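Coordinate analysis (summary)
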Amino acid sequence: MKITEKLQKAEKEGRTFWSFEFFPPRTAQGLQNLYDRIERMRNLGPEFIDITWGAGGKNADLTSSLVQVCQETIGIETCMHLCCTEMPKEKVEWALAQAKQHGCQNILALRGDPVAGTSKWEPTPGGFNNAVDLVKHIHKHYPGDFCVAVAGFPQGHPETPEGADASKQEIQWLKEKVDAGAEFIFTQLFYDVNIFFDWVKRVRAAGISVPIVPGIMPIQNWEKFEKWVARENIVVPQHFYDALGPVKGDDEKVRQVGTKLVAQMCKEILANKEAGIKGLHIYTLNLEKGARMLLQELGLEGRREQIAPLPWRPSLTPHRRAESIRPIFWANRVQSYLSRTDDWDEFPNGRWGDSRSPAYGDLDGYPVSININANDAQNLWGHPTTFSEICDLFARFCRGDLSKLPWSSQPPASETSVIDEQLAKMNELGYLTINSQPAVDGVPSDDKVHGWGPTGGYVYQKAYLEFFVSPELLNPLIRRIERDPRITYYAVNKQGDLRTNTHSEGPNAVTWGVFPGKEIVQPTIVEAVSFIAWKDEAFELGLQWANLYPPSSPSRELIESTMNTSYLVNIVANDFRDGMSIFEPFLLDQSASKVSKVVESAQQTVNGVLNGVVESVKNAVGLDGHAIANGNGIAVNGH
């Protein structure tokens, strides 16, 4: 969505908006850490974010990657900076084409700083002279594709000389950019509100009516504050120094005092009806705490509709914006799902609604990856040698004592806290859970735990469980499940043998929402064909975990055996009003140690029987183990 549309919506609803700015870090690890930080800061509810562009496109690939991940995976509307400095037209064309491909609809057009090592800005041969030329080029060659923003300087551009005539000329240049098609203005940072208000009056008097979004820099610590003030020649009111001076040696106190000073400045800006400012653009410096503290001090809290428009994170790339339904199985593997379905040409509501649709594409071709190295995995998960130790790992994850498992790169979702003890008990009993959701019966859509979607609605969920289980536990579990007509299940092993008590080919909606003025939204489903597609990835992740241990090691053999013999099961309790009914077939009140011993004893018995049969055949026909393994012995092992 274009930022101007978002600003219009916020104004119509009478609410303040805010946005964040980030810059590409210099290292690959820094980039990954920034992805994680943006993911967390998305929960603060920014209306959009923007990503800076290095002069000469020196960080072009990083900027483009950041924009792609923010649009596609994190699902947050992104504005991309684009500079003229050392940017011939072919580089500009590449940058705009990449932005469009990733679904980025917003560009901040800038002239940029002088080339490094020089003091005077010179146009690049074959490039653009200034920002207004860039604005004109974008609108001419990409009509309707981008909302274009430009920069404003309340204290004056650093290269603008002092004096009324020069200041007036600068406002005129800003008007030329707006007349060329710029749709809103980001301002450079400032700390003196009187300077800002005076500038806004002069801008409006010049006939510039587009929205103005003031740039706000939180005060993180004394050194950074001094650095930016000196670098940008920022005028700072004396009361800032009076408050910060006595605590400048204590970073935490500087941040606390600075937050109150900047927050008061923001309150004055937002309260000034003549200026008409509706939102704030926060320069984060890629830091989280300062922005979080500022929003808390201002009493600004993200809306559920902004943070969670759906129970899963929508992708904002062009061909996925209309996607409104996903299978629940990939809830903890978002990047895998996006990558495996990237070449699908459509994502209609019926995409998962009818597996017979010609739009239903294959999921093959994307390499499954556990995304952890052996040392980190062994430090995190240890060296399990018994099935009970595996169960304990899964139980610890459910209780929040373990940060991730091979099937989930993030800790459990907040809503899992409703059923965390039941999940932990299931794992102690031998049911290795990898996905779940509690039942929800008409919770308001702005609920902080379960809510999603537009304000004023209600959301519902059927209880759902997904887990690995041994055949020894599965058979009695199925008998208990089939006594309750409210519960449906699918169970499949690594070889693809499917068991189920439902004969419907259609999907089972397990999440839905009812909102004012809209049809009922059903964004999450359980469906047989997609479950079969998911099971290959689920078992592969387990085997990749095993392969992180040395060959023939007890841990590797244990995990491989667990994956090769287990069933992957999903269960839906269709009575969403009874949140605990889904746990009844698991007999959670029985002893975990007793069940674990039964499972391990059964596995040992099965292995002993198979070994005995093999030895008997060898003795009877005089064959060695190699011949049996490649001949009739397949029938024994296959059973």
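An unreviewed UniProt entry lists the protein chain under the name Methylenetetrahydrofolate reductase, with Kwoniella bestiolae CBS 10118 as the source organism. Looking at the Cofactor (unreviewed entry) heading of the UniProt record, one finds this comment for the protein chain: "FAD".

Looking at helix α16 (residues 420-428), one finds that the buried residues are Leu423, Ala424, Met426 and Asn427. Down the axis of α16, the buried set is contained in an arc of 155°. They therefore lie on one face. Buried residues belonging to α16 abut α15 (387-398), β11 (432-437) and β14 (463-469). Just downstream of α16 lies Gly430, where phi reads positive at about 110°.

With that settled, the discussion passes to the packing of helix α4 (residues 89-101) against helix α5 (residues 131-141). At a minimum axis distance of 12 Å, the contact between α4 and α5 shows a crossing angle of 55°. Classed by the angle they form, the pair α4 and α5 counts as oblique. Read as a crossing pair, α4 and α5 show a hand that is right-handed. Mapping the contact onto sequence places Val92, Glu93 and Leu96 in α4 and Leu134, His137 and Ile138 in α5. Its residues assigned to classes, the contact of α4 with α5 shows four nonpolar, one polar and one charged.

Below, the discussion takes up the state of the cysteines. Think of a disulfide as a covalent bridge from one cysteine sulfur atom to another cysteine sulfur atom. Inspection of the entire model under this criterion finds zero disulfides. Between Cys147, a free cysteine, and Cys79, which holds the nearest cysteine sulfur, the sulfur-to-sulfur gap is 7.5 Å.

Moving on: the pattern of salt bridges. Using the criterion set out here, one finds 33 salt bridges in the structure. For Glu77, the salt bridge is made with Arg321, and the minimal N-O distance between the two is 2.7 Å. With Glu77 in the loop between α3 (60-74) and β3 (78-83) and Arg321 in the loop between α12 (304-307) and β10 (326-327), this residue pair connects regions lying 244 residues apart in the sequence. We classify Glu77 as buried; its relative accessible area is 5%. On the accessibility criterion, Arg321 (31% relative accessible area) is partly exposed. Three or more residues joined by partner-sharing salt bridges are found here, namely Lys6, Lys9, Glu13, Arg15, Glu47, Arg303 and Glu305.

With that settled, the discussion passes to a negative patch on the surface. Together, Glu223, Glu226, Asp250 and Asp251 make up a region of like negative charge exposed at the surface. Within the secondary structure, Asp250 sits in the loop between α9 (238-244) and α10 (251-271).

Now for the sheet that holds strand β9 (residues 279-283). Read across the sheet, nine strands follow the order β7-β6-β5-β4-β3-β2-β1-β9-β8 without closing on themselves; strand pairing throughout is parallel. Among the strands making up the open sheet, the edge pair consists of β7 (212-213) and β8 (215-216). Strand direction decides the pairing type here: strand β6 (residues 184-187) and β7, joined by two bridges, are parallel. Its bridge partner lying in β7, Ile185 is registered against Ile212. Strands in contact with helix α6 (residues 164-179) are β5 (147-152) and β6; relative to β5, the strand with the most contacts, it is inclined by about 175°.

What follows covers the packing of aromatic side chains. Two numbers describe a pair of aromatic rings. These are the distance of the centres and the angle of the planes. Per the counting criterion, the structure on display carries 28 aromatic pairs. For the ring pair Trp407 and Phe468, a centre distance of 5.3 Å and an interplane angle of 55° mean the geometry is tilted. Of the two residues, Trp407 sits in the loop between α15 and α16 while Phe468 sits in strand β14, which places them 61 residues apart along the sequence. Centre to centre, the rings of Tyr460 and Trp512 are 5.6 Å apart; their planes meet at 5°, and the pair counts as stacked. Here the residue Tyr460 occupies a position in strand β13 (residues 458-461), and Trp512 occupies one in strand β17 (residues 508-514), the gap between them amounting to 52 residues. Here the two residues Tyr460 and Trp512 agree in accessibility, since each one is buried. Chaining the aromatic ring pairs together yields one cluster made of Trp381, Phe394, Trp407, Phe468, Phe539 and Trp545.

A separate point is the environment of Tyr567. Relative to the helices and strands, Tyr567 is located in strand β19 (residues 567-573). Linking Tyr567 and Asp497, residues 70 residues apart in sequence, is a C-alpha distance of 9.0 Å. Beyond its immediate chain neighbours, meaning those up to four positions away, Tyr567 contacts Phe467, Phe468, Val469, Pro471, Leu474, Ala491, Val492, Asn493, Asp497, Arg499 and Phe539.

Attention shifts here to the sheet that holds β14. Spatially, five strands are ordered β11-β14-β19-β15-β16 in an open sheet, and the strand pairing comes out antiparallel. The open sheet terminates on both sides in strands that have one partner only, identified here as β11 and β16 (498-500). Taken over all neighbouring pairs, the strand axes of this sheet differ in orientation by 10° on average, direction set aside. Taken together, the three bridges between strand β15 (residues 487-493) and β16 define a ladder with antiparallel strand orientation. Bridging from a neighbouring strand, Val492 pairs with Leu498 of β16.

So, how was this worked out
- Residues numbered from 1 in each chain as written.
- Predicted model: local features only at pLDDT ≥ 70, side-chain atom pairs only at ≥ 80, totals over all residues.
- Heavy atoms only, no water.
- UniProt positions renumbered as here; feature names shortened; annotations may be inferred.
- Buried < 20%, exposed > 50% of the residue type's maximum accessible area, 1.4 Å probe, protein only.
- Helix = DSSP H or I, 4+ residues; strand = E, 2+ residues; numbered from the N terminus.
- Arc of directions from axis to C-beta.
- Contact = heavy atoms within 4.5 Å.
- Axes fitted to C-alpha atoms, helices over the stretch in contact; angles between N-to-C directions.
- Parallel < 35°, antiparallel > 145°, perpendicular 65-115°, else oblique.
- Left-handed = near helix turned anticlockwise from the far one by under 90°.
- Nonpolar A, V, L, I, M, F, W, Y, C, P; charged D, E, K, R; others polar.
- Disulfide = S-S within 2.5 Å.
- Salt bridge = Lys/Arg side-chain N within 4 Å of Asp/Glu carboxyl O.
- Patch = residues over 30% accessible without salt bridge, like charges linked within 9 Å, V, L, I, M, F, W, Y side chains within 5 Å.
- Areas by Shrake-Rupley, 256 points an atom, 1.4 Å probe, with all protein chains shown as cover.
- Lys, Arg positive; Asp, Glu negative; His and termini not counted.
- Charge placed at Lys NZ, Arg CZ, Asp CG, Glu CD.
- Pairing = 2+ DSSP bridges.
- Phe/Tyr/Trp six-rings, centres within 6.5 Å; stacked < 30°, edge-to-face > 60°.

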